Amino acid sequence: MQQDLDERLWSVFGAENATGNDMVDAINHGILVGNLAELLAIELGCGDAFCEEMMKAGILHDIGKLQIGRFLYGRDDAILQVEEMKYVRMHPKLGHERLKIFGGFSELLLEAVLYHHENYDGTGYPDNLRGEKIPPAARILRICDVYAALISKRPYREAFDSETAVEMMIDEARHFDMRMFLAFLSVVHSDEIMEIWRFTDSVNAQIKRRGKEEDITERCLGIDELRTQIALMEKDRKKWEFRVPDAYRLVGF
């Protein structure tokens, strides 16, 4: 049964196409987005169940990227060709499809993953949804995903500080639900954000330390951590419940 569970877990995360660093980067980004999304949901006054789902959705939102990782993770530049961008924009649907096949995830989470790149002004993808037609969970992820990306180091640029990231987001505020964005600004200036920053600083330092001749065993530690810390429990042999590991929750309540 454990072997079967591991195979299904690998299938969900697209591991057959992911290198060690790709997987580690995806996990770390997911942890960051998940924690931000939960904090924002709490700030918006959402119920406990919804907040918990936002944490899960944040962790899983980019699993579709692992199937097209050669276009994304570890790039030395920020430029994507038109043909590459076409495939990159498929990742919300790819992730959504994998989670549906895997089973056991709520409709709220599935919609959040599918629509987390929709913009409030209708310029996003995959379906160019606009305004209130975008599910609330996806609107939350959109804000948190952008902020998390900006404050994270990339191979082709340094991380932006929080103030600069917020200024950049204000310039693109038409992409966000304004009520949620204002609530997010409260999160950014809260005491809880300090734990988010400690985690981000640690991840950014890890990326900076990476060398081109990195040992493959070291690179794969994050995958082993994923397999041991993400618990998937069997329910009547068909339903599997995704639980957030304590180590992935950065802020206690």
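Structure's up top.
Below: a short report on this structure. Being a predicted model, the structure only gives us computed values, none of them experimental.

Observations concerning the environment of Leu109
Consideration 1: Mapped onto the elements, Leu109 comes out in helix α6 (residues 107-114).
Consideration 2: In this structure Leu109 comes out as buried when scored by relative accessible area, which is 0%.
Consideration 3: Remark: the alpha-carbon pair of Leu109 and Leu99, spanning 10 residues in sequence, is separated by 9.3 Å.
Consideration 4: Not counting residues up to four positions away in its chain, the partners in contact with Leu109 are Glu53, Lys56, Ala57, Leu60 and Leu99.

A look at the environment of Val187
Consideration 1: Of note, Val187 is situated in helix α9 (residues 178-188).
Consideration 2: Expressed as a C-alpha distance, the spacing of Val187 and Leu40, which sit 147 residues apart in the sequence, is 6.5 Å.
Consideration 3: Discounting chain neighbours no more than four positions away, the residues touching Val187 are Leu39, Leu40, Glu43 and Ile193.

Focus: empty space enclosed by the protein
Consideration 1: Per the counting criterion, the structure on display carries two cavities of 30 Å³ or more.
Consideration 2: Residue lining of the largest cavity: 11 residues in total, with Ala26, Ile27, Ile59, Asp62 and Ile63 positioned closest to the centre.
Consideration 3: Elements that contribute at least two residues to the lining of the largest cavity include exactly α2 (20-43) and α3 (48-60).
Consideration 4: The element contributing the most residues to the lining of the largest cavity is α2, with four residues.
Consideration 5: Of the residues in the lining of the largest cavity, the class split is six nonpolar, four polar and one charged.

Calculation rules
- Position numbers for residues count from 1 along each chain, tracking the sequence in the order it is written.
- Two thresholds apply to this predicted model, a pLDDT of at least 70 for residue-level local features and 80 or more for giving and counting side-chain atom pairs, whereas whole-chain, interface and lining totals are computed over all residues.
- Heavy atoms throughout the structure, all of them, feed into the side-chain values; hydrogens and water do not.
- Helix and strand assignments come from DSSP, with helices taken as H or I runs of at least 4 residues and strands as E runs of at least 2, each series counted from the N terminus.
- To sort residues, take the accessible area from a 1.4 Å probe on protein chains only and compare it with the maximum for the residue type: under 20% means buried, over 50% means exposed, and anything in between is partly exposed.
- Working rule for contacts: check all heavy atoms of both residues, and any pair within 4.5 Å makes them a contact.
- A 1.4 Å probe that fits but cannot get out identifies a cavity on a 1 Å grid over protein atoms alone, an open set with protein on both sides within 12 Å along at least five of seven lines counts as a pocket, and a residue lines either if it has an atom within 4 Å of a point.
- Grid points are joined across faces, edges and corners, and a volume is the space filled by probe spheres set on the points.
- All residues other than Ala, Val, Leu, Ile, Met, Phe, Trp, Tyr, Cys, Pro, Asp, Glu, Lys and Arg, Gly among them, are scored as polar; the first ten of these are nonpolar and the last four charged.

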